Amino acid sequence: MTGPLTPATGSVADGTGAPADTAAPRAGRARRIRRTLRVLAFLAVLAAGGLALAALDSGTRHGMLDPRSADPSGSRAVAELLKDRGVTTRVVTTAREAADAAGPRTTLLVTDPDVLGTTQRGVIRSAMDLSGGRTVLLAPGGHSLPDLAPGVHTKGDADSDTLAPACTLPAAASAGRAGTGGGLRYTTALPRATACYPTGGHPTLLVLPAATPGGDTVLLGSGTVLLNESLAEEGNASLALQLLGSRPDLVWYMPSLADSDPATHSGEDENLFDLIPAGWYWALLQLLVAAVLAALWRARRLGPLVTEKLPVVIRASEATEGRARLYRKARARDRAATVLRAATRERLAALVGVPHAQAHDPSALTPGVSARLTGGPQARDVSGLLFGPTPSDDAALVALADHLDALEREVRTS
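Please read these numbers as outputs of a predicted model, since none were measured by experiment.

Peer 1: Can you explain a nonpolar patch on the surface? Please cite residues and give values.
Peer 2: A cluster of nonpolar side chains, namely Trp282, Leu285, Leu288, Val289, Val292, Leu293 and Leu296, defines an oily patch on the protein surface of about 700 Å² accessible area. Residue Val292 is classed as partly exposed on the basis of its relative accessible area, which comes to 42%.

Rendered as structure tokens:
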């Protein structure tokens, strides 16, 4: 039982007694598992690094008009300029904190008056009347104007972003053109109100005298002049510093969710992506770039494939004998007979001109083989030899191997 079982190449023992045909797939699986684990470890390190960078970066990023934020939409630049001029900035998030900090030496900045609830608007209004300092309201609309600036009404949006002062207010006159447009315009019939930066006949900046001497209220239709990204444009920096730096203390009131009016802050316009901090987008982008680079790195070609010398080369005859012993030990006569017949059919098909795809088709192979035989038992029982039943014992299996050898020899020599 040597011819049909002879492998085409050498085999490698795996050191455990397992045959080479099972050791090779096992080694391949082990290599794939190790490669997968390395890739997963690499991705885990990248993910951990990205999350760490995002966590560290998120501590320096805040919301819109936040004096602690260096984002383009933050206001850290104007806060730093005010600090250089001796003005201290204090960030508060509740109306009560803002009212308690207000006084004749303070400027109270309310970044989003329209989100305040009724109680919060009342607290801020009392502070405006009693403090004797300056209050700056950024883009107050119809929701907050009746309580915080009675007698003032909105007149639609400004047509232009950059406007000329067109007023006698010293801060506006020295600043010149500034980006007060792009937001709301106002109209009022209150006496002693100073209207600046008009567009379409309606101002985007109003200064109203307060009930307490020395105090005033500034209505600014847009917060553009306070943003980091636009502070250096036109006279924005000058106007911002003069409006917020007229007193030594600045109270920067950013209303928290607790101070918000549910009717104006329902959150219907927000989705999941609006709630993700800006730093996480950069972290995800970094992870994506790293994953693409890792894929390109792992997919690279280092050159043509080369054959590798096997650590132990076993002669084909020894491998055949070893496999035969395994078949005998397992009493796998069916498997051994199948292997013998399949190998013989493939070789006979090549000899008689039958296509390889039809080598295991009795109707295609048997006539071709029979036509090459001159007579004898093989001529009478070609189909039984090549496609017959499983031998009943080891002697029948050995006889089958001999008959197959004889059949192949006769076809080859005919």
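Peer 1: Tell me what's going on with the nonpolar core, and back it up with residues and numbers.
Peer 2: Core analysis: the largest hydrophobic core is formed by 32 residues, its most contacted members being Leu109, Leu169, Tyr197, Leu205, Leu226, Leu239 and Leu244. The biggest single contributor to this core is helix α7 (residues 236-244), with 5 residues. Here Leu239 is in contact with Ala171, Ala172, Ala175, Ala178, Thr180, Tyr197, Leu205 and Val225, once residues within four sequence places are set aside. Among the nonpolar cores identified, the runner-up in size contains 25 residues, and Ala101, Val152, Tyr186 and Tyr253 belong to it.

Peer 1: So, the environment of Pro67: which residues are in play, and what are the values?
Peer 2: Structurally, Pro67 can be placed in the loop between α1 (20-58) and α2 (76-84). For Pro67, a relative accessible area of 8% gives the class buried. With 10 residues separating them along the chain, Pro67 and Ala77 place their C-alpha atoms 7.6 Å apart. Beyond its immediate sequence surroundings of up to four residues, Pro67 is in contact with Ser75, Arg76, Ala79, Thr89, Val91, Trp252 and Met254.

Peer 1: Can you break down the pairing of strand β3 (residues 134-138) residue by residue, with the values?
Peer 2: Side-chain positions along a regular strand alternate between the two faces of the sheet. A large share of β3 lies buried, amounting to 5 of its 5 residues. Side-chain alternation along β3 places Arg134, Val136 and Leu138 on one buried face and Thr135 and Leu137 on a second face that is also buried. The pairing of strand β2 (residues 106-110) with β3 spans 4 bridges and is classified as parallel. If you follow Val110 over to β3, its bridge partner there is Leu137. With respect to chirality, the unit in which β2 leads through helix α4 (residues 118-131) into the neighbouring parallel β3 is right-handed.

Peer 1: I'd like a rundown of helix α14 (residues 394-413), residues and numbers included.
Peer 2: Each full turn of the α-helix corresponds to 3.6 residues, which orients residues three or four apart in the same direction. Its 20 residues place the ends of α14 29 Å apart at the C-alpha level, agreeing with the 28 Å of an ideal helix rising 1.5 Å per residue. Listed in full, the buried residues belonging to α14 are Leu397, Leu400, Ala401, Leu404, Leu407, Glu408, Glu410 and Val411. The opening residue of α14, the one whose side-chain oxygen lies 3.4 Å from the backbone nitrogen of Ala395, is Asp393.

Peer 1: Pulling in residues and values, what's your account of the environment of Asp394?
Peer 2: On the secondary structure map, Asp394 appears in helix α14. A relative accessible area of 37% places Asp394 in the partly exposed class. For the pair formed by Asp394 and Arg328, sequence separation is 66 residues and the distance between their alpha carbons is 8.2 Å. In this structure Asp394 touches Arg328 and Arg333, once residues within four positions along its chain are discounted.

Peer 1: Explain the packing of helix α10 (residues 333-352) against α14 to me, using residue names and the numbers behind them.
Peer 2: Two elements in contact, α10 and α14, have axes separated by 10 Å at closest approach and are oriented at 5°. Considered as vectors, α10 and α14 are oriented roughly parallel to each other. Only Asp394, Leu397, Leu400, Ala401, Leu404, Leu407, Glu408, Val411 and Arg412 of α14 make contact with α10, whose side of the interface consists of Arg333, Ala336, Ala337, Leu340, Arg341, Thr344, Arg347, Leu348, Leu351 and Val352. The residue makeup of the contact of α10 with α14, split by class, is 12 nonpolar, 1 polar and 6 charged.

Peer 1: Pulling in residues and values, what's your account of α10?
Peer 2: Taking 1.5 Å as the rise per residue, α10 with 20 residues should run 28 Å; its terminal C-alpha atoms sit 28 Å apart, in good agreement. Tucked inside the fold, the buried residues of α10 contact α9 (316-329), α11 (362-370), α13 (382-387) and α14. Positive backbone phi, approximately 85°, marks Gly353, located one or two places after α10.

Peer 1: Describe in detail the side chain of Gln120, supporting the description with residues and values.
Peer 2: Counting through the fold element by element, Gln120 comes out in helix α4. Those residues in contact with Gln120, other than ones at most four positions away along the chain, are Ala95, Tyr253, Ala258 and Asp259.

Peer 1: An account of the confidence of the model for the chain is requested, with residue identities and associated values reported.
Peer 2: Chain-level statistics for the chain give a pLDDT mean of 83 and a share of 84% at 70 or above. Confidence scores differ between elements of the chain, with helix α12 (residues 377-380) showing the lowest mean pLDDT of 52 and strand β9 (residues 249-253) the highest of 95. Here residues 1-21 is modelled with pLDDT under 50, and outside its nearest four sequence neighbours on either side it reaches 41 contacts, counting other chains as well.

Reading guide: rules and limits
- Residues numbered from 1 in each chain as written.
- Predicted model: local features only at pLDDT ≥ 70, side-chain atom pairs only at ≥ 80, totals over all residues.
- Heavy atoms only, no water.
- Patch = residues over 30% accessible without salt bridge, like charges linked within 9 Å, V, L, I, M, F, W, Y side chains within 5 Å.
- Areas by Shrake-Rupley, 256 points an atom, 1.4 Å probe, with all protein chains shown as cover.
- Salt bridge = Lys/Arg side-chain N within 4 Å of Asp/Glu carboxyl O.
- Buried < 20%, exposed > 50% of the residue type's maximum accessible area, 1.4 Å probe, protein only.
- Core = buried A, V, L, I, M, F, W, Y, C linked by side-chain atoms within 4.5 Å.
- Helix = DSSP H or I, 4+ residues; strand = E, 2+ residues; numbered from the N terminus.
- Contact = heavy atoms within 4.5 Å.
- Pairing = 2+ DSSP bridges.
- Right-handed = clockwise from strand over helix to strand, strands pointing away.
- Expected span 1.5 Å × (residues − 1).
- Polar contact = N/O pair within 3.5 Å; in protein donor to acceptor, adjacent residues only side chain to side chain.
- Axes fitted to C-alpha atoms, helices over the stretch in contact; angles between N-to-C directions.
- Parallel < 35°, antiparallel > 145°, perpendicular 65-115°, else oblique.
- Nonpolar A, V, L, I, M, F, W, Y, C, P; charged D, E, K, R; others polar.
- pLDDT = per-residue confidence, 0-100.

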